[in-house]
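An overview of the molecular structure
One letter stands for each residue in the lines below.
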Amino acid sequence: MSMNFDVGDEDLLQLLRTVAAAEDPVPRSVLDFAKLAPSIVPLDRALAELLDERPLVVAAGLRDSDVGQQYRFAVGDATVYVDISATTIVGEFEGDEWAVEFRDLGGVVDVDVQQGIFVATSRGKPFVLTFRRGEDVVTTDWLRS
Amino acid sequence: MSQVQPIDNVEALVLASRSGDQEAWAQLVDRLSPLVWSVARSFGLDRHDAVDVSQTTWLQFARHVASIAEPRKAPGWLTTTARRECIRMVKASRRETPTPSAALDWMGTDDPVDHEVEADAERRLIWDVVNELPENCRVLVKMFLTDPPPSYETVAEVLQISVNAVGPKRSRCLGGLRTLLHQRINPSAGDES
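What you see is a predicted model; the values in this text were computed from it and never measured. (Residues numbered from 1 in each chain as written. Chains lettered and ligands numbered in written order. Predicted model: local features only at pLDDT ≥ 70, side-chain atom pairs only at ≥ 80, totals over all residues. Heavy atoms only, no water.)

**Examining the overall build of chain A**
Counting secondary structure elements, chain A contains three helices and eleven strands. For chain A, the succession of helices and strands along the chain, N to C, is α-α-β-α-β-β-β-β-β-β-β-β-β-β. Burial status across chain A gives 48% buried among its 145 residues. Considering only contacts in chain A between residues 6 or more positions apart, those separated by 24 or more positions represent 44%. Surface summary for chain A: the accessible area is close to 7,100 Å², and the carbon and sulfur share equals 47%. (Helix = DSSP H or I, 4+ residues; strand = E, 2+ residues; numbered from the N terminus. Buried < 20%, exposed > 50% of the residue type's maximum accessible area, 1.4 Å probe, protein only. Contact = heavy atoms within 4.5 Å. Areas by Shrake-Rupley, 256 points an atom, 1.4 Å probe, with all protein chains shown as cover.)

Structure (structure tokens):
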């Protein structure tokens, strides 16, 4: 072992900064989230705004319990049911004409009728839903339960 | 001896962020995230919980940035909020501060190791020793590891001590850390001093 700790306070702190940068850096997910934070809208507030926004139709509280909440987002014939629990976001998709994209901070999760959405996350993590049909694109804000 | 400048234009960044300047907000995040992270980690939270605390803190800051009375005190606002979130999370999870790493156990091996591995191990050991400090010292030291470091005012707010007490406490904590480092990592150098 070779480091010399008999240095002044400022030099010791500088040495520790190097150690901290290697051993415990700020995770990228924190930085990404923080930079998005001003545009992340709480679902409750977003729902009030989204309800007036056609063609997107949103319904909340289809199920609301200790184990999770369910929301419904619909555009045309496409409907996405999103269940948010403490550890996962699970979504089901119905519809033929529209494609749906689900995105969280980890990136895009493909959505299809067979597989739906399954994201291991914790309650409160933001996500955004985008509906596409040809050139028509309907997207939500970044939403957070 | 290095001279670290205090955060000097947080107020300008906060004011610009209020008016929707995304670049200013990003700079604010880059500048102050290490401070928020240091508070979360210094409370003994694991990385997963520290991520939650950090994200919640930034979300709350985004919601309140327009109403913060003194923008220059944004670092204090963030650290105080992070501290409250830490306390809330610790109470909720009742998790204990991690015990000292088992990495200490394999000190003193005579097996040859290559230089890079040895440097990694040394860094890990130093970090373990930092994490063994009493809570107040751990919080203080980790806050001062952010670059630029927070003001004494901000540190005082988090530790709930007077501003005048921060300097002496900083010296005492670093002195204690130095002793621990000698004992655990570099005992021969400690004996010589």
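**With respect to the pattern of salt bridges**
All names here are of chain A. Taken as a whole and judged by the stated rule, the model has 15 salt bridges over all chains. Two residues, R28 and D32, come together in a salt bridge whose shortest N-O distance is 3.6 Å. Placement of the pair is R28 and D32 together in helix α2 (residues 28-36), with a separation of four residues, close to one helical turn. In this structure D32 comes out as partly exposed when scored by relative accessible area, which is 29%. Notably, a salt bridge pairs E101 with R103, separated by 3.8 Å at the nearest N-O pair. Residue classification places E101 among the buried residues on the basis of a relative accessible area of 19%. For R103, a relative accessible area of 33% corresponds to the partly exposed category. (Salt bridge = Lys/Arg side-chain N within 4 Å of Asp/Glu carboxyl O.)

**What about the nonpolar core?**
Of all hydrophobic cores here, the largest spans 69 residues; its most connected members are L16(A), W25(B), W58(B), F61(B), V141(B) and L177(B). Per-element tally for this core: the top contributor is helix α2 (residues 22-42) of chain B, with ten residues. Setting aside chain neighbours within four positions, we find F61(B) in contact with V14(B), W25(B), L28(B), I68(B), A74(B), W77(B) and L78(B). (Core = buried A, V, L, I, M, F, W, Y, C linked by side-chain atoms within 4.5 Å.)

**So, the packing of aromatic side chains**
Under the defined criterion, the tally for this structure stands at six aromatic pairs over all chains. On the basis of an interplanar angle of 15° and a centroid distance of 5.3 Å, the ring pair of F102(A) and F127(A) is categorised as stacked. Of this pair, F102(A) sits in strand β6 (residues 99-104) while F127(A) is found in strand β9 (residues 127-133), placing the two residues 25 residues apart along the sequence. The burial state of F102(A) is the same as that of F127(A); both residues are buried. On the basis of an interplanar angle of 80° and a centroid distance of 5.8 Å, the ring pair of W25(B) and W58(B) is categorised as edge-to-face. Of this pair, W25(B) sits in helix α2 while W58(B) sits in helix α3 (residues 47-64), and the two are 33 residues apart along the sequence. (Phe/Tyr/Trp six-rings, centres within 6.5 Å; stacked < 30°, edge-to-face > 60°.)

**Here's the deal with the interface of chain A and chain B**
Tallying the contact residues gives 39 residues for chain A and 47 residues for chain B. Carbon and sulfur atoms make up 62% of the surface buried where chain A meets chain B, a total of about 4,100 Å² over both sides. In this structure, D30(B) engages K35(A) in a salt bridge whose closest nitrogen and oxygen atoms are separated by 2.8 Å. The tally of links from chain A across to chain B stands at 14 residue pairs in polar contact (both at pLDDT 80 or more). At 14 residues, helix α1 (residues 9-23) of chain A tops the list of elements feeding residues into the side of chain A that touches chain B. In terms of residue class, the side of chain A that touches chain B is built from 23 nonpolar, six polar and ten charged. (Buried area = accessible area lost by both parts, 1.4 Å probe. Polar contact = N/O pair within 3.5 Å; in protein donor to acceptor, adjacent residues only side chain to side chain. Nonpolar A, V, L, I, M, F, W, Y, C, P; charged D, E, K, R; others polar.)

**Let's talk about unusual backbone geometry**
Residue and element names in this part refer to chain B. One non-glycine residue, Q160, lies in the positive phi region at around 55°. You can see Q160 is positioned in the loop between α7 (152-159) and α8 (163-184). Under the relative-accessibility criterion, Q160 is labelled exposed at 57%.

**Quick notes on α1(A)**
With 15 residues, α1(A) should reach 21 Å at 1.5 Å per residue; the first-to-last C-alpha distance of 20 Å fits that figure. Listing the buried residues of α1(A) in full gives E10(A), L12(A), L13(A), L15(A), L16(A), R17(A), V19(A) and A20(A). (Expected span 1.5 Å × (residues − 1).)

**A few points about the pairing of strand β10 (residues 136-139) of chain A**
Moving residue by residue along a regular strand, the side chains alternate between the two faces of the sheet. Residue and element names in this part refer to chain A. Pairing of β9 with β10, which is carried by four bridges, proceeds in the antiparallel orientation. In the sheet register, T130 faces β10, and the bridge partner there is T139. A loop of two residues connects β9 with β10, the two strands running antiparallel in sequence, and G134 in this loop sits at a positive phi of about 60°. (Pairing = 2+ DSSP bridges.)

Read these as geometric descriptors, not functional statements.
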